[in-house]
Amino acid sequence: MSVTADLCKWAADLAREQLEELPRRWKHTQGVARQAEHARGVVDDPDLLVAAAWLHDIGYAPDLVQTGVHAVDGAQFLAGLGVSDRLCGLVANHSCACVEARHQGVMIRWPDERTALRDALWWADMTTTPNGAVVDVQRRINEVFERYGPNHVVTRSVAEASDALIAAANRTERLLADPIQV
Ligand SMILES: [Fe+2]
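Please read all numbers here as calculations on a predicted model, not as lab measurements. (Residues numbered from 1 in each chain as written. Predicted model: local features only at pLDDT ≥ 70, side-chain atom pairs only at ≥ 80, totals over all residues. Heavy atoms only, no water.)

A. Spatial organisation of empty space enclosed by the protein. Tallied over the entire structure, the rule returns one cavity of 30 Å³ or more. One number sums up the size of the largest cavity: a volume of about 360 Å³. Taken together, 24 residues make up the lining of the largest cavity; nearest its centre are Tyr60, His70, Asp125, Val154 and Val158. When residues of the lining of the largest cavity are traced back to their parent elements, those giving at least two are helix 2 (23-38), helix 4 (70-80), helix 6 (97-104), helix 7 (116-126), helix 8 (137-148) and helix 9 (153-177). (1 Å grid on protein atoms, 1.4 Å probe; cavity = no way out; pocket = protein on both sides within 12 Å on 5 of 7 lines; lining within 4 Å. Points joined across faces, edges and corners; volume = space filled by probe spheres on them. Helix = DSSP H or I, 4+ residues; strand = E, 2+ residues; numbered from the N terminus.)

Put into structure tokens, the structure is as follows:
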């Protein structure tokens with residue numbers, strides 16, 4: 001499979017191929033892609049946002065695990081397919097993955113672009129439950145705490161990242177409410 005002109009379809013097909021065997025992750029991924037579709041009007045490259053939404057959790061696919069930090073494993077897999085550095089960077093850094101990577105001693109070789117598009121990807125992820133339903137960010141964060149328990153590295157990472165996650169989501173929600181700012 002190669003990166004085709006229809007980036008969104010390519011990304012959706014690749015995500016399905018890798019994640020369908022993990023039904024909850026696949027439902028979540030489909031929900032994040034739906035949320036991303038709602039944010040097309042507030043980013044500079046809407047197809048890139050939607051493609052990143054489809055691919056952001058691909059590193060959870062059992063065959064792709066290398067470092068154990070799913071954002072990095074996904075980005076490394078995508079880089080091997082010839083995906084652009086920008087898309088790899090969005091996946092590698094999504095939803096403050098840098099914090100978990102630091103806790104795990106894993107380097108992220110792509111920069112976090114800190115743009116409206118990056119915020120919109122974080123917003124889409126942080127407003128979608130594991131089952132693909134829409135939820136507000138604080139509830140999503142609380143759900144992660146409950147799911148992983150107090151001592152898990154994911155819980156500690158999300159706790160440390162929560163201000164940044166909420167800020168990114170708030171910036172996107174402001175743009176969605178008033179897209180004229182874009
Ligand atoms: Fe996700």
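B. Looking closely at helix 2. In this model, helix 2 (16 residues) spans 23 Å end to end at C-alpha, consistent with the 22 Å of a helix rising 1.5 Å per residue. Those residues of helix 2 lying buried are Trp26, His28, Thr29, Gly31, Val32, Ala33, Gln35 and Ala36. Buried residues in helix 2 make contact with helix 1 (7-19), helix 3 (46-55), helix 7 and helix 8. (Expected span 1.5 Å × (residues − 1). Buried < 20%, exposed > 50% of the residue type's maximum accessible area, 1.4 Å probe, protein only. Contact = heavy atoms within 4.5 Å.)

C. Looking closely at the pattern of salt bridges. Tallying each qualifying case throughout the model produces 13 salt bridges. The closest approach of N and O atoms between Arg86 and Glu113, which form a salt bridge, is 2.8 Å. A residue pair is termed long-range when its members are at least 10 positions apart, and Arg86 in helix 5 (residues 85-92) and Glu113 in the loop between helix 6 and helix 7 qualify at 27 residues. Linked through salt bridges whose partners overlap, the residues forming this network are Asp112, Arg118, Asp119 and Arg171. (Salt bridge = Lys/Arg side-chain N within 4 Å of Asp/Glu carboxyl O.)

D. Spotlight on the coordination of the iron ion. Binding of the iron ion to the protein goes through His28 (NE2), His56 (NE2), Asp57 (OD) and Asp125 (OD), at separations of 2.2 to 2.3 Å. Viewed at the metal, the four donor atoms of the iron ion are separated by angles of 81 to 175°, and the geometry they form is irregular. Mapping the donors of the iron ion onto the primary sequence gives the spacing H-x27-H-D-x67-D. You can see His28 sitting in helix 2 and its partner Asp57 sitting in the loop between helix 3 and helix 4, a full 29 residues away along the chain. Given the relative accessible area of 3%, Asp57 is considered buried. (Donors = N, O, S within 2.8 Å, 3.2 Å for Na, K, Ca; no water. Tetrahedral: all angles 85-135°; square planar, octahedral: opposite > 155°, others 65-115°.)

So, to be careful, I would describe these as geometric facts and stop short of saying anything about function.
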